[in-house]
Amino acid sequence: MTRWKTFCAAAKVGHMTSSRSRSTGLRTKDQIQLAFGRRLKTLRHAQGWNQEDFASKIEMSVDAVSSMERGKTFASLETLSRIAATLKTEISTLFEFDVDRRGTHLRAIEALLKNQPSEVAEAAEKQIRLLVDFVTQLKR
């Protein structure tokens, strides 16, 4: 079974056995929709688009994009295909998210820095290191 079919089958029954949640040990459909929405928003921001720009590009209403990003609704396969094409990525990339938000945060930072000059990326790395050191000191 392909990963996409496995995902769809898991979403229909309301859980995914390959990823665990804290409360039930299983990912619910709602958790998947929320994680997908966060991922979609991150990818949209990485392109520098607001919801209105993005909605126009994927031929949807701003309300529909907002609803997906908030995890209230989910996209059809046709819509997922348009989203992936607009973002110039594979559909599977839209589902690269974790219950553990660290991976999501790292990918968001990576997406933000992807098309930046090396000087900007180096300055951002330096600032992130300083911030991590500062937060670490506060926790002690």
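Basis of the calculations
- Residues numbered from 1 in each chain as written.
- Predicted model: local features only at pLDDT ≥ 70, side-chain atom pairs only at ≥ 80, totals over all residues.
- Heavy atoms only, no water.
- Helix = DSSP H or I, 4+ residues; strand = E, 2+ residues; numbered from the N terminus.
- Contact = heavy atoms within 4.5 Å.
- Areas by Shrake-Rupley, 256 points an atom, 1.4 Å probe, with all protein chains shown as cover.
- Buried < 20%, exposed > 50% of the residue type's maximum accessible area, 1.4 Å probe, protein only.
- Polar contact = N/O pair within 3.5 Å; in protein donor to acceptor, adjacent residues only side chain to side chain.
- Core = buried A, V, L, I, M, F, W, Y, C linked by side-chain atoms within 4.5 Å.
- Patch = residues over 30% accessible without salt bridge, like charges linked within 9 Å, V, L, I, M, F, W, Y side chains within 5 Å.
- Salt bridge = Lys/Arg side-chain N within 4 Å of Asp/Glu carboxyl O.

A. Structural context of the overall build of the chain. If you tally the helices and strands in the chain, you get 7 helices and 0 strands. Secondary structure elements of the chain, listed N to C terminal, follow the sequence α-α-α-α-α-α-α. Within the chain, counting contacts between residues at least 6 apart in sequence, those at least 24 apart form 45% of the total. Carbon together with sulfur atoms contributes 53% to the accessible area of the chain, which is approximately 9500 Å² in total.

B. Inspection of the side chain of Thr42 at higher detail. Take Thr42: it is sitting in helix H2 (residues 29-46). With relative accessibility at 18%, the residue Thr42 sits in the buried group. One polar contact links the side chain of Thr42 to the main-chain carbonyl oxygen of Arg38, over a distance of 2.9 Å.

C. Main features of the nonpolar core. Residues Phe36, Leu40, Phe54, Ile83, Leu87 and Leu94 are the most contacted members of the largest nonpolar core, which totals 19 residues. If you list the elements that add at least two residues to this core, you get H2, helix H3 (51-57), helix H4 (62-69) and helix H5 (77-86). At 5 residues, H2 tops the list of elements feeding residues into this core. In contact with Leu40, other than residues within four places in its own chain, are Phe54, Met68, Glu69, Ile83 and Leu87.

D. Region of interest: a nonpolar patch on the surface. A surface patch of nonpolar side chains, amounting to about 410 Å² of accessible area, comprises Leu131, Phe134, Val135 and Leu138. As for its placement among the helices and strands, Val135 is situated in helix H7 (residues 118-139). The class of Val135 is partly exposed, set by a relative accessible area of 34%.

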